[in-house]
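Residue strings, one per chain:
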Amino acid sequence: MSNVADVTDATFNDLVVKSTKPVVVDYWADWCAPCKQLSPIIDELARDYGDKVTFLKLDTNTSTQVPTQQGVLGLPTIQVFVGGEVVKSFTGAKPKSVLLKAIEEYL
């Protein structure tokens, strides 16, 4: 069972912008091969850091407003939000070490 919840255009404001914890949003699509490679890494980070950081996945096929508003141009894109603002953004599959370093800055 994944510790990563789904976020949509409708729930983004409540789950991400209003969150009191740092939030990692994984923008993905079912046709995106690098997204599938990244998914187990996000799941692992969520298992290890889920008490301090909220991990969410946004399906860009079904929710299109937020990716457009956030300037997401490629997949996968990972954004780290603190206080409702993007503090880090990565496009493309990244190794766990890069994502971990980005998260640890805000713990």
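Residues numbered from 1 in each chain as written. Predicted model: local features only at pLDDT ≥ 70, side-chain atom pairs only at ≥ 80, totals over all residues. Heavy atoms only, no water.

Trainee: Please explain the nonpolar core as it appears in this structure.
Mentor: The nonpolar side chains of a soluble globular protein tend to be buried, and buried together. Membership of the largest hydrophobic core comes to 16 residues, with the highest contact counts inside it found for Val24, Ile42, Leu45, Phe55, Ile78 and Leu99. Elements with a contribution of two residues or more to this core: α2 (33-49), β4 (77-82) and α4 (96-104). When residues in this core are grouped by element, the largest group, 6 residues, is from α2. The residues touching isoleucine 42, leaving out its near neighbours within four places in the chain, are Val4, Asp26, Phe55, Ile78 and Leu99. (Core = buried A, V, L, I, M, F, W, Y, C linked by side-chain atoms within 4.5 Å. Buried < 20%, exposed > 50% of the residue type's maximum accessible area, 1.4 Å probe, protein only. Helix = DSSP H or I, 4+ residues; strand = E, 2+ residues; numbered from the N terminus. Contact = heavy atoms within 4.5 Å.)

Trainee: So what exactly am I meant to see when it comes to the side chain of threonine 77 here?
Mentor: Within the element layout of this structure, threonine 77 appears in strand β4. A polar atom in the side chain of threonine 77 sits 2.5 Å from the backbone oxygen of glycine 74. One polar contact links threonine 77 to threonine 91, side chain to side chain, over a distance of 3.4 Å. Contacts of threonine 77, omitting those with residues within four sequence positions, involve Val25, Asp26, Tyr27, Val72, Ser89, Phe90 and Thr91. (Polar contact = N/O pair within 3.5 Å; in protein donor to acceptor, adjacent residues only side chain to side chain.)

Trainee: Explain the sheet that holds strand β2 (residues 23-28) here, please?
Mentor: Two strands in a sheet stick together by hydrogen bonds in their backbones, pointing the same way (parallel) or opposite ways (antiparallel). Spatial strand order, β1-β3-β2-β4-β5: 5 strands in an open sheet with mixed pairing. Because the sheet does not close on itself, it has two edges, and the strands there are β1 (5-6) and β5 (85-91). As defined by bridge partners, β4 adjoins β5 across 6 bridges and the pair is classed as antiparallel. Bridged to threonine 77 within β5 is threonine 91. (Pairing = 2+ DSSP bridges.)

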